[in-house]
Amino acid sequence: MKAFILDRYEKKGALRLGDMPDPALGDEDALVEVHAAGLNPLDSKIRDGEFKPILPYRPPFILGHDVAGTVLRVGRRVRRFKPGDAVYARPRDGRVGTLAQFIAINEADVALMPGNISMEQAASIPLVGLTAWQALVERADLRRGQKVLIHAGSGGLGTFAIQLAKHLGATVATTTSTANVALVKSLGADVVIDYKTQDFEKLLSGYDVVLSSLGADTLRKSVGVLKPGGRLISVTGPPDLEFAREQGLGWPMRQLMRLLSFGIRSAARRRHVRYSFLFMHANGDQLERITSLIEAGAIRPVIDRVFPFEGVNEALAYVEAGRSKGKVVVKAPLTVGADGERRDRLPHSWREL
Ligand SMILES: NC(=O)c1ccc[n+]([C@@H]2O[C@H](COP(=O)([O-])OP(=O)(O)OC[C@H]3O[C@@H](n4cnc5c(N)ncnc54)[C@H](OP(=O)(O)O)[C@@H]3O)[C@@H](O)[C@H]2O)c1
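First things first, this report covers the structure right here in the doc. (Residues numbered from 1 in each chain as written. Predicted model: local features only at pLDDT ≥ 70, side-chain atom pairs only at ≥ 80, totals over all residues. Heavy atoms only, no water.)

### Some words on the sheet that holds strand β1 (residues 2–6)
Point 1. Sheet architecture is open: three strands sit in the order β2-β1-β4, paired in antiparallel fashion. Strands at the two margins of the open sheet, each flanked by one partner only, are β2 (16–19) and β4 (61–62).
Point 2. The pairing of β1 with β2 spans four bridges and is classified as antiparallel. Bridging from a neighbouring strand, Phe4 pairs with Leu17 of β2. (Pairing = 2+ DSSP bridges. Helix = DSSP H or I, 4+ residues; strand = E, 2+ residues; numbered from the N terminus.)

See the structure below:
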């Protein structure tokens, strides 16, 4: 099959379009034809080699963490899906690679996609949707009437998290630049801090939860926004001991992560708030709950740009620039006919490459 391949870790290195073996179908796997793949900052961070200690993928491998597509075949123990199902997923770590014609995904990571959105819209959801769910529902247990600050509300994660928090009944504050104030308001944000002209730490206080996806400076200032007993959840680090344990990392890495998070944990403790690092994980059941929310109209996908599949490197550069308003997706040309047979010849756009 055709795929975008990472041949070696390299900062800003280009992925190569080439041939890889078709995925092997395990007993618990669904083989999915990729219709669209969502991109995330995680893809470029992995390409740059930043995640090697935690996710030691060995080149050559296929990048890509979000997919929407059609089930072509299922393994013999698969019960929840059948050929023809329209699904979406964030495949588990170690088995990513959605920038390809096909991917085999453990059925526990897959969900039927919402019936009211397109494949491109569906591909934009899994990684950020699950991150928001795992931060706000699973970890923070965010409740009606509580106050949450969601940083970078106009980004991929922020646009989903604002809507989920509003659905849970919370009062939502968010940070964004002047150009994106209208966007985050349209998603339901109650308090919008324009970081170009305002300091959130001077304007907000008494918050129950902060979801931080920015740098160390924002994280440190966020401590002061929380009320005693509040929760500071960061998805951009520093990683903590709990995360090291969950990942099964050895003693040296555990000590390193304890050290890296010492400063922010101490600052949080002084304020009587809890700091934790979140690294999202694949979860088909949670994705199914997200499907229901989208079908009920509680959450809508926010897409900045859809690139053609041959534009993967350009799309990654766009994401890396850090100015996306919502999500960036690539649309794949299809190579399997309605009869389920793989066509001999690739569609025009593939052959040109
Ligand atoms: N640990 C995990 O499981 C996990 C999961 C998801 C994401 N993440 C991480 O979280 C980060 C965000 O992810 P994403 O997908 O949302 O990225 P993204 O879509 O690329 O975020 C871009 C957005 O960030 C906003 N932004 C940049 N600087 C800002 C600032 N100082 N204050 C407020 N907003 C700012 C930009 O708005 P303006 O143009 O208005 O500045 C833009 O809309 C990434 O580092 C990603 O790797 C981690």
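### Considering the nonpolar core
One broad rule of soluble globular proteins: the nonpolar side chains tend to lie buried together.
Point 1. Tyr88 and Leu99 are the most contacted members of the largest nonpolar core, which totals 117 residues.
Point 2. Filtering out sequence-adjacent residues up to four positions away, Leu99 remains in contact with Ala3, Phe4, Leu15, Ala37, Leu39, Ile62, Leu63, Gly64, Phe309, Val312 and Val330. (Core = buried A, V, L, I, M, F, W, Y, C linked by side-chain atoms within 4.5 Å. Buried < 20%, exposed > 50% of the residue type's maximum accessible area, 1.4 Å probe, protein only. Contact = heavy atoms within 4.5 Å.)

### Some remarks on the pairing of strand β10 (residues 171–176)
Point 1. Judged by how many residues are buried, β10 sits mostly within the fold: five of six residues are covered.
Point 2. Both strand β9 (residues 147–150) and β10 contribute to a ladder of four bridges, which runs parallel. When the sheet's bridge partners are listed, Lys147 is paired in β10 with Thr171.
Point 3. Each parallel crossover has a hand, and the one from β9 via helix α4 (residues 156–167) to β10 is right-handed.
Point 4. The sheet contact formed by β10 and strand β11 (residues 191–194) spans four bridges and is parallel. Counted as the bridge partner of Thr175 is Ile193 from β11.
Point 5. Tracing the backbone out of β10, into helix α5 (residues 181–186) and back to the parallel element β11 gives a crossover that is right-handed. (Right-handed = clockwise from strand over helix to strand, strands pointing away.)

### Re empty space enclosed by the protein
Point 1. For the coordinates displayed, the defined rule picks out one cavity of 30 Å³ or more.
Point 2. In this structure, the largest cavity is lined by Ser124, Ile125, Val128, Gly156, Thr159, Phe160, Gln163, Arg300, Pro301, Val302 and Lys327.
Point 3. Here the lining of the largest cavity is composed, by residue class, of five nonpolar, four polar and two charged. (1 Å grid on protein atoms, 1.4 Å probe; cavity = no way out; pocket = protein on both sides within 12 Å on 5 of 7 lines; lining within 4 Å. Points joined across faces, edges and corners; volume = space filled by probe spheres on them. Nonpolar A, V, L, I, M, F, W, Y, C, P; charged D, E, K, R; others polar.)

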